[in-house]
Amino acid sequence: MVNYTFRQLQYFVAVADNGSLSGAAAACHISQAAMSQAIGELERIVGSQLLVRHRARGVVLTAVGTEFLHDARQLMRHAEEVQGRIGESNSNLSGPLVIGCYTSLSPFWLPVICEQFALPHPDLDVTIIEGDGGDLQERMLAGYLDAVITHTRHLLPRVQSTTLMRGRPYVLLAADHPLARFPSVKLADLADEDFVSLDIPTVRDNQLVNLRMSGLDPKIAWSSTSMETVRGMVARGLGYTVLVQRPPSNVSYDGLPLAAVEIDGPVGTSDICVAYTASDRPSLRLKAFVEFCQRIGAERDEEAGIE
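Because the structure is predicted, anything quoted here is derived from the model rather than measured. (Residues numbered from 1 in each chain as written. Predicted model: local features only at pLDDT ≥ 70, side-chain atom pairs only at ≥ 80, totals over all residues. Heavy atoms only, no water.)

A. Summary view of the sheet that holds strand β7 (residues 170-174). Strand order in the open sheet made by the 4 strands is β8-β12-β7-β11, with mixed pairing throughout. The open sheet has two free edges, formed respectively by β8 (184-185) and β11 (241-243), since each of these has just one partner strand. Relative to strand β12 (residues 258-263), β8 runs parallel, the two being bridged by 2 bridges. Note that in β12 the partner of S184 across the bridge is E262. (Pairing = 2+ DSSP bridges. Helix = DSSP H or I, 4+ residues; strand = E, 2+ residues; numbered from the N terminus.)

The structure is reproduced here in structure tokens:
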């Protein structure tokens, strides 16, 4: 028989999230004494110390506490899914849905998700978090997120995914670049040109490696963490870049023309996908979200002429 309560699990997770008993008590709207008593009772029930209490530094999880926290989050997430399925079986889509989105994909996906998925389902409590694709997946595996929109190259081994649309890299050039008038360009033709790098971890760890494996060692002259800044540098003739996401307009923020040119020859792809954790019975809201993303991805591939 399980002797601890769901409320005790909620309090324990709150302490871990807030780093102190006082912070957790305030978040849960109970007294610090009641919070301390609940955690002490939980430790007695499980037979192990879960927290080390420091007067000045709050609390630190023990090794057992760290492992128990992961299990507690999974139990809470499952309980939310069970409750959500009951509500969804009697009404429209409802309940919490926490979505992560890789930062460089956000401008292409989050507006349409808000307009065409979140707004039509007012009973859904949709939360969107942007960040690094790998970090978001780790948070998903820890029970914080339901799904993550990212690239297939960024997937972690322990997640499942559904591919949404193709992601073949292309070369971006200034409109007056000599190679801009050609429909495609070989990577070898760019070997001596300056490269403008989108300086984010996933590009450094995946795209640059992909280019080197495809026979091009980019000569990085400029870099920025902003995709639009990179596009602006290219538009001003500071170099070329290789991107996957394609804005519908080949114009930089400051109004200068750009040219998107296909790559002639083999190059590793990085398709866009939605990642989620394995579940025999995913919530109806998660299934609906994945299906929505598939539809949007298929429409965009069709517009781009990709079959």
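Now, onward.
B. Quick peek at the packing of aromatic side chains. A full pass over the atoms with the stated rule returns 5 aromatic pairs. Here Y4 and F68 contribute two aromatic rings whose centre-to-centre distance is 5.9 Å and whose plane-to-plane angle is 90°, an arrangement assigned as edge-to-face. Within this pair, whereas Y4 is found in the segment before α1 (6-18), its partner F68 is found in helix α4 (residues 63-90), the two being separated by 64 residues in sequence. Residue F68 is classed as buried on the basis of its relative accessible area of 15%. Both rings, one in F117 and one in F289, keep their centres 5.4 Å apart while their planes meet at 70°; by these two values the pair is edge-to-face. Taken as a pair, F117 in helix α5 (residues 106-118) and F289 in helix α9 (residues 284-303) lie far apart in primary sequence, 172 residues in all. A single burial state applies to F117 and to F289, both of which are buried. Aromatic rings pair up to connect Y4, F12 and F68 into one cluster. The cationic tip of R139 hangs over the ring face of Y144; the distance from NZ or CZ to the ring centre is 5.4 Å. Directly above the ring of W109 sits R300, whose terminal nitrogen or CZ lies 4.9 Å from the centroid. (Phe/Tyr/Trp six-rings, centres within 6.5 Å; stacked < 30°, edge-to-face > 60°. Buried < 20%, exposed > 50% of the residue type's maximum accessible area, 1.4 Å probe, protein only. Lys NZ or Arg CZ within 6 Å of the ring centre and 35° of its normal.)

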